[in-house]
Amino acid sequence: MIEHHLTDDLLMAYSAGTLPEAFDLAVATHLSLCDTCRAAAESYDAVGGALIADGPGAEVSDDCLEATLARIRGEAPEAAPRPIDASGVLPAPLAAYVGGSLDKVAWRPVGMGVKQAILETGEGATARLLFIPAGTAMPDHTHRGTEITIVLQGAFADEGGTFARGDVEIATDADHHMPVADISEDCICLAVTDAPLRFRGILPRLAQPFLKI
Amino acid sequence: MPDMLRNAQRVEDFEPGAPIPVELPHPPRHEPAARSVHDAGMTAAKGLPDPWTGRLHDIRENRSEAAFVAVFEHFAPRVKAFLMKSGSDAALAEEIVQDVMTTVWRKSHLFDPARASVATWIFTIARNRRIDTIRRTRRPEPEDLPWGPDHEPDATDILGLQQDSAKLVDALKTLPEKQRLLIEKAYFGDLSHREIAAETGLPLGTIKSRIRLALDRLRHAMT
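What comes next concerns the included structure. Keep in mind that this is a model prediction, so the values were computed, not measured.

Notes on the interface of chain B and chain A
Okay, so step 1: In this complex, chain B contributes 71 residues to the contact, which on the side of chain A involves 61 residues.
Okay, so step 2: Of the roughly 5900 Å² buried between chain B and chain A, counting both surfaces, carbon and sulfur atoms make up 61%.
Okay, so step 3: For chain B, the biggest contributors to the area lost against chain A are Pro-140, Glu-143 and Tyr-187 of chain B; these three give 13% of the whole.
Okay, so step 4: On the surface where chain B and chain A come into contact, there are nine salt bridges.
Okay, so step 5: One salt bridge connects Asp-9 of chain A with Arg-212 of chain B, and the closest N-O pair in it is separated by 3.6 Å.
Okay, so step 6: For the side of chain B that touches chain A, the elements supplying multiple residues, two or more each, are helix H3 (65–85), helix H4 (90–106), helix H5 (118–135), helix H6 (155–173), helix H7 (177–188) and helix H9 (204–222) of chain B.
Okay, so step 7: Here the side of chain B that touches chain A is built from residues that sort into 36 nonpolar, seven polar and 28 charged.

Shown next, in the form of structure tokens:
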């Protein structure tokens, strides 16, 4: 049961298409796991649909129709998408960025058993997968921007509560937190930030430029 | 606003293998006997307020070019206007319009009239195409819910969705001008709230609260 959801701001911006790519990835990942937010996202899409349905049109040239007709005459209907294997840790949108399932992730150690893999996304925000061994605490850090963390496996707890598979934690400038992975299972998360994290100790801060976190 | 889409289907709404109830709002008259639940839904959809669902059905089932031309003539100008408001020039907008309408043809079988109106479906295709064009990569989309062929839309859901969609269009029309403009900017202007603040000179807090007010009004209109 998912208890921590996306905000309306994020859902609307996802629907409007104004988020950086890494945030789109985070939203798509959560929507793959959460029917409640998916229904909300579809209702924001409906607002976009209503704006188009009601809006004035711009005149389209005759060539445009002709060219489109020429294209569809050669087109076979697209095959239905194959059913997704929902049993994996990585939902489909994430698997697409990793290039497969969890065993395809190119983990790099960042100390204390914690590993990360940066996913290639466009400007404006960074997406990475984090692996936190069971019972391990992440270094205490604050944020300059917004960080969205989505749990994919295991669970972690911090000042904001307990977060398990599918749960979203959204941290902003003001927060500083020290998530601790649940003891029972290694924790895997997707973390997306629109600004670098600031760790509250001298060593991690020095390491930051090298770790890209 | 999850309550707006009362008909958003959930996986757990269906028991595997259980028959799906179909309540036709009125019996189809000139249609051949429906071969499947989906056909029944789509056939019923032809008598519903939104004519575009029926046209999509014609494209899907009969590869009807006439239906496609009708959909094109209605939606292509709207999609073009949307793209131009989002910053495309006319030539690029028409190129993307071609892609969008070709996708409508190719993916007509993926359109689910119980989940979205045709306008909403085309909006999402156009939005994704716009983003793909800017980023040159595919926009991350949530995975498809595991609905099998047993989980086809039923006519009541389609009707409910269409009524909601029509209500939403009306509700947007009655929004105060300032709120409506901000919603339009948020959707069409390709601007974040922060950028809208910079462009309009309004404080970010004002923009956020106006958008929130607008959404509250829409929500209220939907209940």
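Moving on from the coordinates now.
Section: the pattern of salt bridges
Okay, so step 1: What the rule picks out here adds up to 17 salt bridges over all chains.
Okay, so step 2: One salt-bridge network, in which partners are shared between bridges, spans Asp-54 of chain A together with Lys-85, Lys-173, Arg-180 and Glu-184 of chain B.

Concerning H5 of chain B
All names here are of chain B.
Okay, so step 1: With 18 residues, H5 ought to run about 26 Å at 1.5 Å a step, and its terminal C-alpha atoms sit 26 Å apart, in line with that.
Okay, so step 2: In terms of burial, H5 is largely enclosed, as 14 of its 18 residues are buried.
Okay, so step 3: Just downstream of H5, Arg-136 is the residue with a positive phi angle, here 60°.

Topic: the nonpolar core
Okay, so step 1: Core analysis: the largest hydrophobic core is formed by 94 residues, its most contacted members being Leu-129 and Leu-190 of chain A together with Phe-72, Ile-122, Ile-183 and Tyr-187 of chain B.
Okay, so step 2: Not counting the four nearest positions on each side in its chain, Ile-122 of chain B is found in contact with Val-71, Phe-75, Val-79, Val-100 and Val-104 of chain B.
Okay, so step 3: Core analysis: the second largest hydrophobic core is formed by 11 residues, Leu-130, Phe-156, Ala-181 and Cys-187 of chain A among them.

Points about the side chain of Lys-80 of chain B
Okay, so step 1: Here Lys-80 of chain B is to be found in helix H3.
Okay, so step 2: A residue is classified by how much of its surface remains accessible, and Lys-80 of chain B, at 6% relative accessible area, is buried.
Okay, so step 3: With residues near it in sequence (within four places) discarded, Lys-80 of chain B still touches Ala-58, Glu-59 and Val-60 of chain A together with Ala-90, Ala-93, Glu-94 and Val-97 of chain B.

Reading guide: rules and limits
- Residues numbered from 1 in each chain as written.
- Chains lettered and ligands numbered in written order.
- Predicted model: local features only at pLDDT ≥ 70, side-chain atom pairs only at ≥ 80, totals over all residues.
- Heavy atoms only, no water.
- Contact = heavy atoms within 4.5 Å.
- Buried area = accessible area lost by both parts, 1.4 Å probe.
- Salt bridge = Lys/Arg side-chain N within 4 Å of Asp/Glu carboxyl O.
- Helix = DSSP H or I, 4+ residues; strand = E, 2+ residues; numbered from the N terminus.
- Nonpolar A, V, L, I, M, F, W, Y, C, P; charged D, E, K, R; others polar.
- Expected span 1.5 Å × (residues − 1).
- Buried < 20%, exposed > 50% of the residue type's maximum accessible area, 1.4 Å probe, protein only.
- Core = buried A, V, L, I, M, F, W, Y, C linked by side-chain atoms within 4.5 Å.

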